[in-house]
Amino acid sequence: MDGVGVTVAFWVLGVTAVASAVGIMLARNLLHAVLWLILTFVALAGLFITLTADFVAVAQVLVYAGAVGVLVIFAIMLTPNSAVGNSETRFFGAGFVVATVLSGIMAYVAVKTDWGTLKSEGFASTAQAIGQALLDRYVLPFEIASVLLIAAMVGAIVLVRADQEA
Amino acid sequence: MHVSLEHYLILSAILFGMGLWIALAKRNAIIILMGIELMLNAVNLTLIAFNRFVPAPAGRSPIAGQVFVIFVITVAAAEAAVALALAVAVYRNRSTVDIDKIDLLKF
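Conventions we followed
- Residues numbered from 1 in each chain as written.
- Chains lettered and ligands numbered in written order.
- Predicted model: local features only at pLDDT ≥ 70, side-chain atom pairs only at ≥ 80, totals over all residues.
- Helix = DSSP H or I, 4+ residues; strand = E, 2+ residues; numbered from the N terminus.
- Rg over C-alpha atoms; globule rule 2.2 N^0.38 Å.
- Buried ≥ 20, exposed ≤ 12 C-beta atoms within 10 Å, placed from the backbone.
- Contact = placed C-beta atoms within 7 Å.
- Core = buried A, V, L, I, M, F, W, Y, C linked by C-beta atoms within 7 Å.
- pLDDT = per-residue confidence, 0-100.
- Expected span 1.5 Å × (residues − 1).
- Axes fitted to C-alpha atoms, helices over the stretch in contact; angles between N-to-C directions.
- Parallel < 35°, antiparallel > 145°, perpendicular 65-115°, else oblique.
- Left-handed = near helix turned anticlockwise from the far one by under 90°.
- Nonpolar A, V, L, I, M, F, W, Y, C, P; charged D, E, K, R; others polar.

## A word on the overall build of chain B
- Looking only at helices and strands, chain B has three helices and zero strands in total.
- What you see in chain B, going N to C, is helices and strands ordered as α-α-α.
- The C-alpha radius of gyration of chain B comes to 18 Å, more than 25% above the 13 Å expected for a compact globule of 107 residues.
- C-alpha atoms of chain B, sized along the principal axes, occupy 55 × 30 × 25 Å.
- The 107 residues of chain B split such that 52% are buried.

See below:
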């Protein structure tokens with residue numbers, strides 16, 4: 001099943017993801033940077049599909065490309081004239097060195113490690129299996145995640161609320 | 001050419017490095033948050049790749065990696081909401097989200 005289509009899709013989507021990550025770095029306009037970020041998220045959703053993770057790909061498009069993207073656009077619109085644009089701190093070169101060394105180490109480990117026998121078959125359909133796993137083995141983290149979400153939502157509302165008492 | 005686990009791991013290492021560079025080098029707090037989201041996404045790609053290629057041990061859920069990614073997405077969404085609310089609150093008080101200018105605790 002791992003035909004030439006998956007290979008082509010991997011290279012196209014991988015190059016798109018890395019190129020749009022570079023776009024975030026290079027874009028001078030903050031809104032352009034957000035659009036590059038959303039393109040990265042969509043490319044990663046495509047990569048999830050090449051790994052036969054269809055449900056996670058849909059969740060990625062909905063939550064990351066949709067919700068987080070719109071949230072970041074809102075934050076940029078609500079902080080106009082932040083006056084710094086998309087400029088860099090003095091750690092531009094040092095950050096590049098640190099990031100390059102770290103990715104180099106991770107890539108070296110990924111290539112050198114013997115991962116044992118790998119399975120060649122992907123998953124046929126994952127939505128049902130994920131739903132059953134969430135409500136069976138992972139039910140406690142699932143409930144904690146819902147509490148965390150409501151706490152974060154209330155916290156965000158309280159943080160940005162205009163002062164009424166004054 | 002065949003796409004294997006190593007391809008995905010190297011790609012996510014590159015994406016993680018890009019996210020780390022953005023988070024370290026940028027001046028605007030919102031762009032730094034975007035770098036952090038990029039790093040989380042790179043880790044998600046790693047989890048999904050391992051889930052696809054490495055067989056689960058006996059008695060373990062074969063789908064565990066994807067369930068972890070669902071939790072990571074949940075926590076990342078909550079984190080993004082709180083962090084952006086913080087950025088807006090800081091902007092209200094200081095009229096800037098430049099991390100070099102937010103130095104009240106510096107001495």
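## As for the overall build of chain A
- Within chain A, the secondary structure is distributed over six helices and zero strands.
- Counting from the amino terminus, chain A carries its helices and strands in the arrangement α-α-α-α-α-α.
- The C-alpha radius of gyration of chain A comes to 20 Å, more than 25% above the 15 Å expected for a compact globule of 166 residues.
- With the C-alpha coordinates of chain A rotated into their principal frame, the extents come out at 65 × 45 × 25 Å.
- Each of the 166 residues in chain A was classed as buried or not, and the buried ones make up 30%.

## Section: the interface of chain A and chain B
- Listed by partner, the interface residues are 74 residues for chain A and 62 residues for chain B.
- When contributions to the side of chain A that touches chain B are tallied by element, the ones reaching two or more residues are α1 (4-26), α2 (30-50), α3 (54-78), α4 (92-112), α5 (127-135) and α6 (139-160) of chain A.
- Ranked by the residues each element gives to the side of chain A that touches chain B, the list is headed by α4(A), at twelve residues.

## Overview of the nonpolar core
- Within the largest apolar cluster, 75 residues are counted, with the highest numbers of intra-cluster contacts made by B:L15, B:I30, B:M34 and B:L84.
- Leave out the neighbours within four places in its chain, and B:M34 touches A:I24, A:A33, A:L37, A:V72 and B:I22.

## Comments concerning the confidence of the model for chain A
- Taken as a whole, chain A shows an average pLDDT of 88; of its residues, 93% reach a score of 70 or greater.
- Confidence, expressed as mean pLDDT per element, reaches its minimum in chain A at α5(A) with 89 and its maximum at α2(A) with 93.

## A word on helix α2 (residues 29-53) of chain B
- With 25 residues, α2(B) should cover 36 Å at 1.5 Å per step; its first-to-last C-alpha distance of 37 Å lies within 8% of that length.
- Of all 25 residues in α2(B), 19 are buried, a share of seventy percent or more.

## Observations concerning the packing of α4(A) against helix α1 (residues 5-25) of chain B
- In the contact formed by α4(A) and α1(B), the axes pass within 8 Å of each other and the chain directions differ by 165 degrees. By the angle between their directions, the pair α4(A) and α1(B) is classed as roughly antiparallel. Read as a crossing pair, α4(A) and α1(B) show a hand that is right-handed. Here α4(A) contributes A:F92, A:G95, A:F96, A:V98, A:A99, A:T100, A:L102, A:S103, A:M106, A:A107, A:A110 and A:V111 to the contact with α1(B), which in turn contributes B:E6, B:L9, B:I10, B:A13, B:I14, B:F16, B:G17, B:L20, B:W21, B:L24 and B:A25.
- Of the residues contributing to the contact of α4(A) with α1(B), the split by class is 18 nonpolar, four polar and one charged.

## Details of α6(A)
- Under the 1.5 Å per step criterion, the end-to-end length of α6(A) is 32 Å for 22 residues, consistent within 8% with the ideal 32 Å.
- Across the 22 residues that make up α6(A), only a small minority, two, are buried.

## Thoughts on unusual backbone geometry
- Residue A:T52 is not a glycine yet carries a positive backbone phi of 55 degrees.
- Mapped onto the fold, A:T52 is located in the loop between α2 and α3.
- The phi dihedral of B:S95 is positive, around 60 degrees, even though this residue is not glycine.
- Assignment of secondary structure puts B:S95 in the segment after α3 (64-94).
- Assessed through the 14 C-beta atoms surrounding it within 10 Å, B:S95 is described here as partly exposed.

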